[in-house]
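Each chain, written out:
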Amino acid sequence: MSILLFNFSIPLASNAKIKPMNKENTIISEIKVLLAKRGWTQEMLAQELGKRLNKKYTAKNLGNKLRLETIPYREIKLIADILGYKIMFEDINSNS
């Protein structure tokens, strides 16, 4: 089993700066990498999402959600499961 790891940093001060997203760390680029590793297409993923969610789900719909970053977290978890990944949160502030 593979693990999909997300690092989150929660600012403690309201004036804390947040790094802007770049092309390499957007959800669409990460999902495309995972699809390529598994030999899947966006169309195949959309079909499987449709089956599991019991609703019409197209590759265009999926692409728009990923590009606009409006995809719900539950669908991200489902994508991870479909592709054989587990999402884990790692405390980036711990010393261990």
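Here the structure is a predicted model, which is why all the values come from computation and not from measurement.

Participant: Give a description of the pattern of salt bridges that names residues and reports values.
Facilitator: In total, this model carries four salt bridges according to the counting rule given. Two residues, R52 and D81, come together in a salt bridge whose shortest N-O distance is 2.7 Å. Of the two residues, R52 sits in helix α2 (residues 42-53) while D81 sits in helix α4 (residues 73-82), which places them 29 residues apart along the sequence. Note that K65 is salt-bridged to E75, the shortest N-O span being 3.0 Å. Residue K65 is found in helix α3 (residues 59-68), and its partner E75 is found in helix α4; the two are separated by ten residues along the sequence. Residue K65 is classed as buried on the basis of its relative accessible area, which comes to 16%. Overall, E75 belongs to the buried group, its relative accessible area being 1%. By sharing partners, the salt bridges in this structure join E48, R52 and D81 into a single network.

Participant: How would you summarise the nonpolar core if you had to cite specific residues and measurements?
Facilitator: Counting 21 residues, the largest nonpolar core has I31, L45, L49, L62, L66, I71 and I79 as its most contacted members. Going through the elements one at a time, α1 (27-38), α2, α3, α4 and β2 (85-91) are the ones with two or more residues in this core. Sequence-distant contacts of I31, that is, excluding residues within four places in its chain, are made with L45, L66 and I79.

Participant: Describe in detail the packing of aromatic side chains, supporting the description with residues and values.
Facilitator: A full pass over the atoms with the stated rule returns one aromatic pair. Pairing Y73 with F89 gives two aromatic rings, centres 6.4 Å apart and planes at 40 degrees, and the pair type is tilted. In this pair, Y73 is assigned in helix α4 and F89 in strand β2, connecting sequence segments 16 residues apart. For Y73, a relative accessible area of 41% corresponds to the partly exposed category.

Participant: Just give me the short version of the packing of α1 against α3, but keep the residues and values in it.
Facilitator: Taken N-terminus to C-terminus, the directions of α1 and α3 make an angle of 130 degrees; their axes are 7 Å apart at the nearest point. Considered as vectors, α1 and α3 are oriented oblique to each other. Residues I27, I28 and I31 of α1 touch α3, and the partners they reach there are G63, L66 and R67. Partitioning the contact of α1 with α3 into residue classes produces four nonpolar, one polar and one charged.

Participant: Just give me the short version of α3, but keep the residues and values in it.
Facilitator: Among all positions of α3, only A59, L62, G63, K65 and L66 are buried. What you see down the axis of α3 is that its buried residues fit within an arc of 165 degrees, all on one side. Residues of α3 that are exposed and point more than 90 degrees away from the buried face comprise K60, R67 and L68. Its buried side turned inward, α3 meets α1, α2 and α4.

Rules and cut-offs
- Residues numbered from 1 in each chain as written.
- Predicted model: local features only at pLDDT ≥ 70, side-chain atom pairs only at ≥ 80, totals over all residues.
- Heavy atoms only, no water.
- Salt bridge = Lys/Arg side-chain N within 4 Å of Asp/Glu carboxyl O.
- Helix = DSSP H or I, 4+ residues; strand = E, 2+ residues; numbered from the N terminus.
- Buried < 20%, exposed > 50% of the residue type's maximum accessible area, 1.4 Å probe, protein only.
- Core = buried A, V, L, I, M, F, W, Y, C linked by side-chain atoms within 4.5 Å.
- Contact = heavy atoms within 4.5 Å.
- Phe/Tyr/Trp six-rings, centres within 6.5 Å; stacked < 30°, edge-to-face > 60°.
- Axes fitted to C-alpha atoms, helices over the stretch in contact; angles between N-to-C directions.
- Parallel < 35°, antiparallel > 145°, perpendicular 65-115°, else oblique.
- Nonpolar A, V, L, I, M, F, W, Y, C, P; charged D, E, K, R; others polar.
- Arc of directions from axis to C-beta.

Everything listed is a geometric property; what it means functionally is a separate question.
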